[in-house]
Amino acid sequence: MRKTSSFYLAALALLGLLAASQAQIKVGFYDESCPQAESIIKEFVKQHIPNAPTLAAALLRMHFHDCFVRGCDGSVLLNSTTNSTAEKDSVPNSTLRGFDFIDRVKALLEAACPGVVSCADTLALVARDAVVVTGGPSWTVPTGRRDGTVSLASEVLTNIPGPTFNFTALKKNFANKNLDVKDLVVLSGAHTIGIAHCAVVTNRLYNFTGKGDEDPALDKFYAANLKKFKCKTPTDTTSILEMDPGSFRTFDKHYYTNVVKRRGLFTSDSSLVTDATAASYVTEILNGPLENFFTEFAASMEKMVQLEVKTGSDGEIRKLCGVVNGPSQELSSLREAHLNCKDCERQRRKMRDTSSVFLIFLALLGLLGFSHAQLKVGFYDQSCPEAESIVQEFVKQHIPNAPTLASPLLRMQFHDCFVRGCDGSVLLNTTRNNTAEKDAVPNQTLRGFDFIDRVKALLEAKCPGVVSCADIISLVARDAVVVTGGPSWTVPTGRRDGTISSSTEALNNIPRPTMNFTTLTQSFANKSLDVKDLVVLSGAHTIGIGHCQFVTNRLYNFTGKGDQDPSMDPFYLANLKQFKCKTPTDNTTILEMDPGSFRTFDKHYYTNLVKRRGLFTSDASLLTDSTALSYVNEILNGPLENFYSEFAASMLKMIQIEVKTGTAGEIRKVCSKVNS
């Protein structure tokens, strides 16, 4: 019985491997089955796009919209049926153009190689080649996608990023597709070509907040120009606008020039300068040569064109891009896929055997790396001697372009160390079965995850599998503070990365801005930090920003009776209500943590404290305890160097909280997910 069962399991495994035999897309997928496929597409595009140059943007947009709904499977091309409204007939896709262009290319491919080249691949190749014809970048398009058989208008609205999205919504939307902030900024550069319609911008011109006003984020001269010459009435939904005025037919960097001049057409365009990390990427593109932008755009496109692709026996190869095949056509297509892969199992067996040996080898290397079971300064001196200089140089290069990012990176370090110790668990993404720390309420305003990812990528390129994400956070936070003119401190390294991240634990462990002194001291004591550490580390609030949601109760409803916090300076309070948190429901407006000095790491935070102008309840609480107050006065009465020394000493204590070393944890390859 056991032998029979083993045979049966082996047979199932073989069938599974055969079904997955074409489970990857690759460059040159059609080299044998339709060798002229890509040249047919390229020649057609080269022949026709110069006669209709604005179609290039429309085809690229169609590709975006296809990939963001059910992956890059050509579902955007399917027509609606009697029983279902397809993606192409949803509101976001109602202005898509170029379906007939794709159909003409598909007809040529069917004539040359019937039933071989998918509509999904056709769209991916056409979009790339159309951009090239406009003088834009080229990128690698691996092929082998199969076509989806489902297309639903209802899924479009929930998946395609809208032109009215703010940065938070955009970032989340892209993250859902495994695209990061850099991809968001770079791919937005596609707006350098093409056109739009007044329907998606009139609210910014005529009724932004529902009071007949303009969007203050839009350059007033640009807004006046649009109202005078383009969108002349609030009801205009048809007039055409250039996405990148003066340069809309050329694929260049001019779009970003408009963005920094506050002339981005959509709210989504303007949002790129509301986030420090995104703004740093915009600046980087503008300050670099055109070739750099082209390279980055190509890299992000190569990520996007592989979103949730269907391969192997998934989907079908449509005969016509607008309709799914009949049953007989699909059966024939599956049979061909099976016959074309008769050698796949032998190749997979060889790869599996090789992989096993490789994994054992990696395990041995890992054990060698466990020899240092304690943190120490210069932990990577032998294994990755350039590690700390790579981090330092990257921080020095980018933080000056986005100085407000220094505070979020320092805050990220705090939040990481207070939950499961300094183990990089704050960087892990939520999974299907677990909500991670980064999605807990206290961490929803954290920024800089992509900054850490970029540093990690540099270190992985130099020393694969050596430097932990936990150490990267510690080094980046220190170096970012130094760039702001703040103190430096010793960072012993050798931390390993945790494999568990729980939003519940974040709620239970991270000190909150609404805490009083008793709960604050208990929270710090739980991490072996004393009152002096609490006072000194609170000084990190000398840089950075907060949001109204954490202070409105002090302004409008402190005890639940519509009253104000009497411990807050009345003039400061009135100023906040008049100019910042104008309503009790405002949870988005940004506030300086240390007004007038929020970009400089100095003692001014404590000056505000004693004037009863600490922003949070937790800040104000430092004056309610005699011991804490004595430390505040000591800092204020001493030289700046003393505060720096004390801050460095407390940071050195904090960054060693519950660290993982030796064989505990792992060294993640990617900071946002545990190793497989």
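The structure we're discussing is the one just above.
The present account deals with the structure reproduced in this document. All values reported here derive from a predicted model rather than from experimental measurement.

As a further point, take the layout of surface pockets. Taken as a whole, the second largest pocket encloses approximately 1,000 Å³ of empty space. Along its surface, the second largest pocket is lined by 37 residues, and Arg-61, His-65, Pro-163, His-191 and Phe-266 are the ones closest to its centre. Considering every element that reaches the lining of the second largest pocket, the biggest residue donor is helix α3 (residues 55-67), with six residues. Of the residues assigned to the lining of the second largest pocket, the class counts are 24 nonpolar, ten polar and three charged.

Counted at 1.5 Å a residue, the expected span for helix α20 (residues 469-483) with its 15 residues is 21 Å, and the 21 Å between its end C-alpha atoms agrees. For α20, the buried fraction is high: 13 of the 15 residues fall into the buried class. At the C-terminal side of α20, Gly-485 shows a positive phi close to 95 degrees.

So, on to the packing of helix α8 (residues 181-188) against helix α14 (residues 290-304). Contact geometry of α8 with α14 gives a least axis separation of 9 Å together with a crossing angle of 115 degrees. Put simply, α8 runs roughly perpendicular to α14. Seen along the crossing, α8 lies across α14 with a hand that is left-handed. Between α8 and α14, the contacting residues are Lys-182, Asp-183, Val-186 and Leu-187 on the first element and Phe-293, Glu-296, Phe-297, Ser-300, Met-301, Lys-303 and Met-304 on the second. A per-class count over the contact of α8 with α14 returns six nonpolar, one polar and four charged.

Moving on, we get to the side chain of Asp-497. Considering the arrangement of structural elements, one finds Asp-497 in the loop between α20 and α21 (503-509). Salt bridges are absent for the buried Asp-497, whose nearest opposite-charge side chain, Arg-668, sits at 4.5 Å. Of the polar contacts made by the side chain of Asp-497, one reaches the backbone nitrogen of Cys-469; its length is 3.0 Å. Apart from residues lying up to four places away in sequence, Asp-497 is in contact with Asp-423, Ser-468, Cys-469, Ala-470, Lys-660, Gly-665, Glu-666, Ile-667 and Arg-668.

Between helix α17 (residues 387-398) and α20, whose axes approach to 9 Å, the crossing angle comes to 45 degrees. It follows from the interaxial angle that α17 and α20 lie oblique. Between α17 and α20 the crossing geometry is right-handed. Residues Glu-388, Val-391, Gln-392, Val-395 and Lys-396 of α17 form the contact with α20, whose participating residues are Leu-475, Val-476, Arg-478, Asp-479, Ala-480 and Val-483.

A word on the pattern of salt bridges. Under the counting rule described, the total for this entry stands at 30 salt bridges. Where Glu-110 meets Lys-106, a salt bridge forms, and the shortest distance between an N and an O atom there is 3.0 Å. With a gap of four residues between them, Glu-110 and Lys-106 both fall in helix α4 (residues 99-112), about one helical turn apart. Exposure class is identical for Glu-110 and Lys-106. Each is buried. For Glu-658, the salt bridge identified is with Lys-527, shortest N-O distance 3.6 Å. One end of the pair, Glu-658, is in the segment after α29 (640-654); the other, Lys-527, is in the loop between α22 (517-525) and α23 (531-538), with 131 residues separating them in the sequence. On the basis of relative accessible area, Glu-658 is assigned to the partly exposed category, the value being 43%. Through salt bridges that share partners, Glu-38, Arg-128 and Asp-129 make up one connected network.

The rules behind each value
- Residues numbered from 1 in each chain as written.
- Predicted model: local features only at pLDDT ≥ 70, side-chain atom pairs only at ≥ 80, totals over all residues.
- Heavy atoms only, no water.
- 1 Å grid on protein atoms, 1.4 Å probe; cavity = no way out; pocket = protein on both sides within 12 Å on 5 of 7 lines; lining within 4 Å.
- Points joined across faces, edges and corners; volume = space filled by probe spheres on them.
- Helix = DSSP H or I, 4+ residues; strand = E, 2+ residues; numbered from the N terminus.
- Nonpolar A, V, L, I, M, F, W, Y, C, P; charged D, E, K, R; others polar.
- Expected span 1.5 Å × (residues − 1).
- Buried < 20%, exposed > 50% of the residue type's maximum accessible area, 1.4 Å probe, protein only.
- Axes fitted to C-alpha atoms, helices over the stretch in contact; angles between N-to-C directions.
- Parallel < 35°, antiparallel > 145°, perpendicular 65-115°, else oblique.
- Left-handed = near helix turned anticlockwise from the far one by under 90°.
- Contact = heavy atoms within 4.5 Å.
- Lys, Arg positive; Asp, Glu negative; His and termini not counted.
- Salt bridge = Lys/Arg side-chain N within 4 Å of Asp/Glu carboxyl O.
- Polar contact = N/O pair within 3.5 Å; in protein donor to acceptor, adjacent residues only side chain to side chain.

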